[in-house]
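# Secondary and tertiary structure notes
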Amino acid sequence: MDDTRPIRLSSLAHGGGCGCKLDPAVLSDILGGPSGFPLPKELIIDASTRDDAAVWRINDETALVATTDFFTPIVDDPEVFGKIAATNALSDVYAMGATPIFCLALVGMPVGKLPPEMIRAILAGGRSVAEAAGAPIAGGHSIDAAEPIYGLVALGTVHPDRLLSNAGAKPGDVLILGKPIGIGVFSAALKQDRLSDEGYAQMVASTTRLNTPGAGLAALGGVNAATDVTGFGLLGHLSEMCEGAGVRAVIERAAVPVFEEARALAADGVKTGASGRNWAAVGGGVERPADWSAMDEVLWCDPQTSGGLLVSCTPESAEAVLEHFRQAGHVDAAVVGRIEAGEGIQVI
């Protein structure tokens, strides 16, 4: 082996980013049984609704939001990998309507395969994002692992009355998506050396853009639910939102923002292994148009790493929510559908 050849982080991992998530069906099987432990009343959100974080009520003014997320490299640049992983982990705090306060780092590195300077660059990338979010990394834990793993435990606070859940959507709401989809296709193309420089720049810009709009959503009024679209794809996380609230979603296919290069790549057969698993988990509950294609299936179930927020709000508040996103640099935010009484998802 030529020791002068650059190390590709992605070559050291079996998957990348949120595409490493467990198969949704496998996860449901693992988590399906009762815990057998009585939950304290202060634990106001736990895993029962598959929400983005756990929430503990401290008092009438403050609730603590706690979450964790980590994964293997989605890009080869170590500092960018650290930034993406940290942005993704903090997203779950924002999805609950909370403001991050501090983080802990989770680090697993193949010490004999990666030089110390690459590991330092990963940590520096994560630290820069956490500090930009006002949530410094206060400590953490590290192990010698078979493949590179990095992420954060992210903690935040929110007033209990301004807490957002993925289970609060109401019939009559509209759905707003904060970022375009297609990140999983981009990551697969990158591994195949088929992603253009422009596509890579779009991928990095999207996955390192913090979902800061989440922290102020509840204050706008009319916002009933939120989640972030990550490893289970748009349909997977929308399905969790519908199941949690006992409602039905209608999505307008033409309204969903998609990276154009990702659309072209998907049409040319580029996809992740996770998209098929995601479709197998939710496809049976999705009504789709007659011209639904294999490309649609790939994109709508594409695992998003550090994806956008999916917000359910009243039609009257939609323009204020969109402007809130735009002010934070999320210029692709768009109304993509609506919530109705019933169950399941319909794509029109």
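Structure shown above.
These notes cover the structure that comes with them. This structure is a prediction, so every number in the text was calculated from the model and none was measured. (Residues numbered from 1 in each chain as written. Predicted model: local features only at pLDDT ≥ 70, side-chain atom pairs only at ≥ 80, totals over all residues. Heavy atoms only, no water.)

As a further point, take the overall build of the protein chain. From N to C terminus, the protein chain includes 11 helices and 13 strands. Its C-alpha radius of gyration of 19 Å places the protein chain within 12% of the 20 Å reference for a compact globule of 348 residues. The principal-axis extents of the C-alpha atoms in the protein chain amount to approximately 60 × 50 × 45 Å. A buried classification covers 51% of the 348 residues belonging to the protein chain. Counting only carbon and sulfur atoms, one obtains 55% of the accessible surface of the protein chain, whose full area is about 14,600 Å². If the 24 positive side-chain charges of the protein chain are averaged to one point and the 42 negative ones to another, these points end up 1 Å apart. (Helix = DSSP H or I, 4+ residues; strand = E, 2+ residues; numbered from the N terminus. Rg over C-alpha atoms; globule rule 2.2 N^0.38 Å. Buried < 20%, exposed > 50% of the residue type's maximum accessible area, 1.4 Å probe, protein only. Areas by Shrake-Rupley, 256 points an atom, 1.4 Å probe, with all protein chains shown as cover. Lys, Arg positive; Asp, Glu negative; His and termini not counted. Charge placed at Lys NZ, Arg CZ, Asp CG, Glu CD.)

Okay, the nonpolar core next. One finds Leu90, Tyr150, Leu238, Val256 and Trp300 to be the most contacted residues of the largest nonpolar core, which totals 81 residues. Here this core gets 9 residues from one element, more than from any other, and that element is helix H2 (residues 78–95). Contacts of Trp300, omitting those with residues within four sequence positions, involve Ile181, Gly233, Leu234, Leu235, Ile251, Arg253, Val256, Trp292 and Val347. Ala95, Ile176, Ala318 and Val321 belong to the second-largest nonpolar core, a separate cluster that totals 15 residues. (Core = buried A, V, L, I, M, F, W, Y, C linked by side-chain atoms within 4.5 Å. Contact = heavy atoms within 4.5 Å.)

Let us now look at the packing of helix H4 (residues 183–191) against helix H8 (residues 260–267). Packed helix pairs are specified by the crossing angle of their axes together with the interaxial distance, meaning the distance between the axes. It is at 9 Å that the axes of H4 and H8 come closest, and there the two elements cross at 65°. With respect to H8, the axis of H4 lies roughly perpendicular. Note that H4 runs across H8; the crossing there is left-handed. Mapping the contact onto sequence places Val185, Phe186 and Ala189 in H4 and Glu261, Ala262, Leu265 and Ala266 in H8. (Axes fitted to C-alpha atoms, helices over the stretch in contact; angles between N-to-C directions. Parallel < 35°, antiparallel > 145°, perpendicular 65-115°, else oblique. Left-handed = near helix turned anticlockwise from the far one by under 90°.)

Now for helix H9 (residues 273–282). Those residues of H9 that sit buried are Ala274, Ser275, Asn278, Trp279 and Val282. One side of H9 carries all its buried residues, which in axial view fall inside an arc of 135°. Away from the buried face of H9 by more than 90 degrees, exposed residues Gly273 and Ala280 are located. (Arc of directions from axis to C-beta.)

Here the focus is the pattern of salt bridges. What the rule picks out here adds up to 10 salt bridges. A single salt-bridge network, built from bridges that share partners, covers Arg248, Glu287, Arg338 and Glu340. (Salt bridge = Lys/Arg side-chain N within 4 Å of Asp/Glu carboxyl O.)

As a further point, take the environment of Val174. Checked against the element boundaries, Val174 lands in strand S7 (residues 174–177). Distance in space between the C-alpha atoms of Val174 and Arg288 is 19 Å, their sequence separation being 114 residues. Apart from the residues within four sequence positions on either side, Val174 is in contact with Val311, Ser312, Cys313, Thr314, Pro315, Ala318, Val335, Gly337 and Arg338.

With that settled, the discussion passes to the sheet that holds strand S3 (residues 63–71). The 6 strands are arranged S1-S2-S3-S6-S4-S5 in an open sheet whose pairing can be described as mixed. Edge strands, defined here as strands with exactly one partner in the open sheet, are strand S1 (43–45) and strand S5 (137–144). Strand after strand, the sheet turns through a mean of 20° between neighbouring axes, direction not considered. Bridge count between strand S4 (residues 99–109) and strand S6 (residues 149–158): 9 bridges; the pairing is antiparallel. Across the sheet, residue Gly108 finds its bridge partner in S6, namely Ile149. (Pairing = 2+ DSSP bridges.)

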